[in-house]
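Single-letter residue listing:
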Amino acid sequence: MIGFGEHTAEDRGVAGSNPASLILFLNSSHLILKVMSSTMVIGSQFGDEGKGKLVDCLAEQSDYVVRYQGGNNAGHTVVVKDKVFKLHLLPSGVVRKKRSLIGTGVSLDPRVLKQEIDGLKEKGIKVNLGIDPRCQIIMPWHNVIDIGKEEALKEKNIGTTRRGVGPCYADRASRIGIRFDDLVDEKRLKEKLDFNYPYYKNVCEKILNKHFDFTQEEVFKQYSALGKEFKEMLTDVSLEVNECLDKGKKVLFEGAQGTLLDNDFGTYPFVTSSHPTSGAATTGIGISPQKISERIIGIVKAYTTRVGSGPFPTEISGEEADFLRNAGNEFGTTTGRARRVGWLDLPMLRMSNRLNGFTEIAITKLDVLSGIKKLLIADYYLIEGKKFFDFPYANHLVAKAVPHYSEFKGFSINKEQQKELKEKGYSALDEHAKKYLEFIEKELNVPIKTVSFGAERDDTCSKDSKIC
Ligand code: IMP
Ligand code: MG
């Protein structure tokens, strides 16, 4: 079997035994579309870049869709014909009835898993899902701790989604976590609960002043029933993904959240507890970086938003902010919170590109900027008189950052123009919109291959081949 990271005959344009590479050879003029066997979709900002729509389009062209980090703190809206699907945990591929996998890097709440699977069933969709037995399970006390800790932090709270995701990851690192493999075996689950339940009851009651409204027996009953229900979904995701890539199947890696929420490189402590970066796919699935570096799409919203607390150098307020928030419907999918809004930030995106290695960029929600007379892009920060082209490593530096802006003339994308863009593609874009995009492209030195300018599935254009 030929590995994709190796330099094979296919690289030199010679069709080999690998089916995906064969297509690559035959369709070399459409190199970017439908031919890569691995595609990754990564949020380049604070999450909510509009990954859902592109992930759905790409999922349709894939054989497998895999999630590898985060949990049900994510919120993806997928619209198929007249049906709207709001997913938090399941890979978006389930809606397209693709083989969908949840890798070990995901914190999995089986109660939410059941809700989402039952909801899809009601809409006539049977999921084809595999879950890695190593996945850490979100237990009821993780929610209690998430809330209790936020309250204890008072005005310094992180603004978490309160889904228990962070405390679940903490248990993994402390090595007291409960895995999916424990859930499917009553004896193992009992043993784990015998430690975890009293331990966390103590912590919650004595430290956080929070009381459990569930007994150990109730937790056991609920979780062992969930384990039984999902037992047949257990699969070694690492093996399955490696094998299907070796066979030349097309695999989509669906990132959740955004790079600036990375547990190490984001605006710590105002971050999530996983790594929403491309590298996390290797450890969150169990796969070599060699196999998954072909196509890494950075999703960049045409402006910036953030939900929750933490630094945001290009944040704006007042009428302009209200306009952006309403035009972009910037309210959280998971918590309904109003998102903070601001201008596009290149130091942020430069770091994002450095960490992820984007092979291309997809710009989303360009239409939302329509009607704003003067647009700004932060090209660098001034911190104590020094220019910073990259995002600083610590919040105490970010706090002093004064963004230096480049100005751009506004543009409009009305219904008529949207129609034209759909027909003629990128060339039909307003000249000022092109200038805005070309500046980003030049500064990041990454091609913008896709531009999304509306909520509809086909509201996208491209310089060469369209994703949707
Ligand atoms: P947690 O991941 O629930 O612990 O929340 C930590 C921070 O990440 C908070 O500021 C959340 O608002 C933010 N966050 C978590 N998931 C998402 C997401 O999917 N989109 C945007 N922000 C998120
Ligand atoms: Mg979201």
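Residues numbered from 1 in each chain as written. Chains lettered and ligands numbered in written order. Predicted model: local features only at pLDDT ≥ 70, side-chain atom pairs only at ≥ 80, totals over all residues. Heavy atoms only, no water.

What the protein chain contains, in helices and strands, is 15 helices and 19 strands. For 468 residues, the compact-globule formula gives about 23 Å, and the C-alpha radius of gyration of the protein chain, at 22 Å, lands near that figure. When the backbone C-alpha atoms are referred to their principal axes, the protein chain occupies close to 65 × 55 × 45 Å. Across the 468 residues that make up the protein chain, the buried fraction comes to 58%. Of the contacts made within the protein chain by residues no fewer than 6 positions apart, 74% connect residues no fewer than 24 positions apart. Accessible surface for the protein chain amounts to roughly 20100 Å². Of this, 52% is attributable to carbon and sulfur atoms. (Helix = DSSP H or I, 4+ residues; strand = E, 2+ residues; numbered from the N terminus. Rg over C-alpha atoms; globule rule 2.2 N^0.38 Å. Buried < 20%, exposed > 50% of the residue type's maximum accessible area, 1.4 Å probe, protein only. Contact = heavy atoms within 4.5 Å. Areas by Shrake-Rupley, 256 points an atom, 1.4 Å probe, with all protein chains shown as cover.)

Right, let's talk about the domain arrangement of the protein chain for a bit. Under the domain assignment used here, the protein chain contains domain 1 (36-132 + 234-462) and domain 2 (136-178 + 185-233). Each of domain 1 and domain 2 has a C-alpha centre, and these two points are 29 Å apart. Between domain 1 and domain 2, the contact holds 32 residues from the first and 26 residues from the second. Summed over both partners, the interface of domain 1 with domain 2 comes to about 2200 Å²; 54% of that surface belongs to carbon and sulfur atoms. Applying the counting rule to domain 1 against domain 2 returns 1 salt bridge. Here Lys114 makes a salt bridge to Glu229, at a shortest N to O gap of 3.3 Å. The element contributing the most residues to the side of domain 1 that touches domain 2 is helix 3 (residues 110-122), with 5 residues. Of the residues belonging to the side of domain 1 that touches domain 2, the class tally is 12 nonpolar, 16 polar and 4 charged. (Domains from an automatic or database assignment. Buried area = accessible area lost by both parts, 1.4 Å probe. Salt bridge = Lys/Arg side-chain N within 4 Å of Asp/Glu carboxyl O. Nonpolar A, V, L, I, M, F, W, Y, C, P; charged D, E, K, R; others polar.)

Turning to the environment of Pro313, a few remarks are in order. For Pro313, the location among the structural elements is in the loop between strand 11 (304-306) and helix 11 (319-327). The exposure class assigned to Pro313 is buried, which follows from its relative accessible area of 16%. Counting along the chain gives 85 residues from Pro313 to Val398, while the straight-line C-alpha distance between them is 7.2 Å. Apart from residues no more than four positions distant in its own chain, Pro313 is found in contact with Asp345, Met348, Tyr381, Phe391, Val398, Pro403 and Tyr405.

Ligation of the magnesium ion (ligand 2) by protein atoms is provided by Asp48 (OD) and Gly75 (O), these donors lying 2.2 to 2.7 Å from the ion. Here Asp48 is found in the loop between strand 1 (38-43) and helix 2 (51-60), whereas its partner Gly75 is found in the loop between strand 2 (64-67) and strand 3 (76-80), with 27 residues between them in sequence. Here Asp48 falls in the partly exposed class, since its relative accessible area comes to 23%. According to the relative accessible area criterion, Gly75 is buried, its value standing at 19%. (Donors = N, O, S within 2.8 Å, 3.2 Å for Na, K, Ca; no water.)

This part covers the site of ligand 1. Neighbouring ligand 1 are 15 residues, the closest being Asp48, Asn73, Thr161, Thr272 and Arg337. Asn73 places a polar side-chain atom, nitrogen or oxygen, 2.9 Å from an oxygen atom of ligand 1. A total of 470 Å² of accessible area belongs to ligand 1 in isolation, and the protein chains cover 96% of it. Among the residues making up the shell around ligand 1, the classes are represented as 6 nonpolar, 7 polar and 2 charged. Looking at the shell around ligand 1, you find at least three residues from each of domain 1 (36-132 + 234-462) and domain 2 (136-178 + 185-233). (Near = heavy atom within 4 Å. Polar contact = N/O pair within 3.5 Å; in protein donor to acceptor, adjacent residues only side chain to side chain.)

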